[in-house]
Amino acid sequence: QVQLVESGGGLVQAGGSLRLSCAASGRTFSRYVMAWFRQAPGKEREFVAAINWSGGSTLYADSVKGRFTISRDNAKNTVHLQMNSLKPEDTAVYYCAASGGWYREAQRYDYWGQGTQVTVSS
């Protein structure tokens with residue numbers, strides 16, 4: 001069982017940066033693939049980025065590649081999403097998720113946080 005709590009969302013101007021954090025409970029955190037998803041109003045939840053158990057492999061959606069960086073600290077049970085060069089279209093609720101496998105599909109993820117709002121103004 002893993003419980004996830006996101007933080008770090010907020011309001012930022014286009015071109016700015018934010019760093020999201022996800023704190024996980026449970027002693028098996030390092031066994032999970034961790035990912036970030038986002039959901040904008042009226043849209044489906046979409047994959048943003050994922051990182052494997054060791055942090056040695058990462059995967060990004062094309063829309064954020066080169067601007068966002070996912071990282072994890074297994075000693076602290078945390079995963080981060082550094083978001084640079086933010087655009088208004090990045091506005092969404094961002095969710096942290098954990099899975100036992102390497103997936104892009106939301107339905108493959110077993111544990112979810114409550115989400116944190118990111119708003120990018122133009």
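To be clear, the structure that these remarks concern was listed above.
Keep in mind that this is a model prediction, so the values were computed, not measured.

Draft legend 1. The pattern of salt bridges, seen in detail. In the structure shown here, the tally under the stated rule is four salt bridges. In this structure, Asp90 engages Arg67 in a salt bridge whose closest nitrogen and oxygen atoms are separated by 2.8 Å. Here the residue Asp90 occupies a position in the loop between strand 8 (78–83) and strand 9 (92–99), and Arg67 occupies one in the loop between strand 6 (58–60) and strand 7 (68–73), the gap between them amounting to 23 residues. The pair Asp90 / Arg67 is uniform in exposure class, with both members buried. In this structure, a network of salt bridges that share partners links the residues Arg38, Glu46, Arg67 and Asp90.

Draft legend 2. Just unusual backbone geometry, in detail. In this model, Asn77 sits at a positive phi of 55°, which is unusual for a non-glycine residue. Assignment of secondary structure puts Asn77 in the loop between strand 7 and strand 8. The backbone phi angle of Ser85 is positive, close to 50°, even though this residue is not glycine. With respect to the element layout, Ser85 can be found in the loop between strand 8 and strand 9. Ser85 sits in the partly exposed class, given a relative accessible area of 41%.

So, how was this worked out
- Residues numbered from 1 in each chain as written.
- Predicted model: local features only at pLDDT ≥ 70, side-chain atom pairs only at ≥ 80, totals over all residues.
- Heavy atoms only, no water.
- Salt bridge = Lys/Arg side-chain N within 4 Å of Asp/Glu carboxyl O.
- Helix = DSSP H or I, 4+ residues; strand = E, 2+ residues; numbered from the N terminus.
- Buried < 20%, exposed > 50% of the residue type's maximum accessible area, 1.4 Å probe, protein only.

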